[in-house]
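Structure assessment
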Amino acid sequence: MDILDILLLAVALSMDAAAVGMTHGMTDPKMPLKRVLAIGGFFGAFQAVMPLIGYALTGLIAGAFLDVFEAASSWVSFILLALIGGKMIFDSLRESESGMSLPLPLKTLMLLSVATSLDALAVGVSFSLVDSPIILPSVVIGLTTFTISLVGVYMGKLLGESVGEKFGVLGGIVLICIGIKILLF
């Protein structure tokens with residue numbers, strides 16, 4: 001996977017965090033910089049760590065079945081990315097915006113960070129299955145998510161509520177396309 005693929009993957013994975021950040025921006029237009037940075041920091045950190053966890057878990061579990069995993073790795077990666085992308089699209093189209101209570105409690109921010117980074121865990125599994133390095137992608141995913149989450153919060157302050165869910169659809173489409181590329185090439 002080249003750097004452009006990694007960057008596209010990072011952008012796709014960050015879309016749900018951006019949508020959540022946008023929601024917070026819409027519900028708290030006077031959000032202080034400290035809270036904006038906390039949202040971006042939590043989302044970015046969780047998105048960076050989850051692929052590492054997925055990668056490590058796959059290595060531990062797959063040791064006895066490595067030959068089988070190697071034979072099916074492209075298909076497994078495609079299926080995982082297609083399912084995650086499809087779920088992101090489905091969730092984005094299904095969800096209705098609801099206001100969040102202010103201020104955003106730390107516990108809620110942590111839960112949202114975990115929820116928006118579960119797809120990154122599966123990406124770590126995919127990287128392990130195709131024997132691709134994970135450190136650079138994890139760093140890129142984390143930094144990209146941090147940046148895009150910050151942008152999402154500020155966009156939420158400026159845009160109406162109808163825009164937020166479109167980011168999840170775009171992210172899902174990009175994940176599916178990367179899965180297809182892994183399968184075909």
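What this report covers is the structure whose coordinates are included nearby. (Residues numbered from 1 in each chain as written. Predicted model: local features only at pLDDT ≥ 70, side-chain atom pairs only at ≥ 80, totals over all residues. Heavy atoms only, no water.)

1. Concerning the overall build of the chain
- Scanning the chain from N- to C-terminus turns up six helices and zero strands.
- Listed by position from the N terminus, the elements making up the chain come as α-α-α-α-α-α.
- With 185 residues in all, the chain has 45% of them scored as buried.
- Residue pairs in contact within the chain that sit at least 24 positions apart in sequence constitute 93% of those at least 6 positions apart. (Helix = DSSP H or I, 4+ residues; strand = E, 2+ residues; numbered from the N terminus. Buried < 20%, exposed > 50% of the residue type's maximum accessible area, 1.4 Å probe, protein only. Contact = heavy atoms within 4.5 Å.)

2. Structural notes on the packing of aromatic side chains
- Scanning all chains against the criterion turns up one aromatic pair.
- Ring centres of Trp75 and Phe78 lie 6.2 Å apart, and the angle between their planes is 85 degrees; this geometry places the pair in the edge-to-face category. Taken as a pair, Trp75 and Phe78 lie in helix 3 (residues 66–94) at a separation of three residues, close to a single helical turn.
- For Trp75, a relative accessible area of 52% translates into the label exposed. (Phe/Tyr/Trp six-rings, centres within 6.5 Å; stacked < 30°, edge-to-face > 60°.)

3. A look at the side chain of Ser128
- Structurally, the position occupied by Ser128 is in helix 4 (residues 106–129).
- Once you skip the residues sitting within four places of it in the chain, Ser128 turns out to touch Tyr55, Thr58 and Gly59.

4. Considerations on the nonpolar core
- In this structure, Leu9, Leu13, Leu81, Val123, Leu175 and Ile178 are the most contacted members of the largest nonpolar core, which totals 19 residues.
- Counting only elements with at least two residues in this core, the list comes to helix 1 (3–27), helix 3, helix 4, helix 5 (135–158) and helix 6 (164–184).
- Among the elements that line this core, the one with the most residues is helix 1, at five residues.
- Those residues in contact with Leu9 that sit more than four places away from it in its chain are Met1, Leu81, Val123, Phe127, Ile141, Leu175 and Ile178.
- Among the nonpolar cores identified, the runner-up in size contains ten residues, and Ala17, Val20, Val36 and Val153 belong to it. (Core = buried A, V, L, I, M, F, W, Y, C linked by side-chain atoms within 4.5 Å.)

5. Digging into helix 4
- Helix length check: helix 4, at 24 residues, gives a terminal C-alpha distance of 34 Å against a target of 34 Å (1.5 Å per residue), a fit within 8%.
- Most pronounced at Ser117, the bend in helix 4 amounts to some 40 degrees.
- Directly after helix 4, the chain includes Asp131, whose backbone phi takes a positive value near 55 degrees. (Expected span 1.5 Å × (residues − 1). Bend = angle between axes of the 7 residues up to and from the residue.)

6. Looking at the environment of Leu37
- Mapped onto the elements of the fold, Leu37 is located in helix 2 (residues 33–62).
- A relative accessible area of 38% places Leu37 in the partly exposed class.
- Taking the C-alpha atoms as reference points, Leu37 and Leu150, 113 residues apart in sequence, are found 7.0 Å from one another.
- Look past the residues within four positions of Leu37 in its chain and what remains in contact with it is Phe146 and Leu150.

7. Focus: unusual backbone geometry
- Backbone geometry places Asp131, a non-glycine residue, at a positive phi of 55 degrees.
- Within the secondary structure layout, Asp131 lies in the loop between helix 4 and helix 5.
- A residue is classified by how much of its surface remains accessible, and Asp131, at 65% relative accessible area, is exposed.

8. Describing the environment of Ser117
- Among the structural elements, Ser117 can be located in helix 4.
- Here Ser117 falls in the buried class, since its relative accessible area comes to 0%.
- With 73 residues separating them along the chain, Ser117 and Gly44 place their C-alpha atoms 8.9 Å apart.
- Non-local contacts of Ser117, meaning those with residues more than four positions away in its chain, are made with Phe46, Gln47 and Met50.
- Within the local environment of Ser117, its side chain forms a polar contact with the backbone oxygen of Ser113, the two atoms lying 2.8 Å apart. (Polar contact = N/O pair within 3.5 Å; in protein donor to acceptor, adjacent residues only side chain to side chain.)

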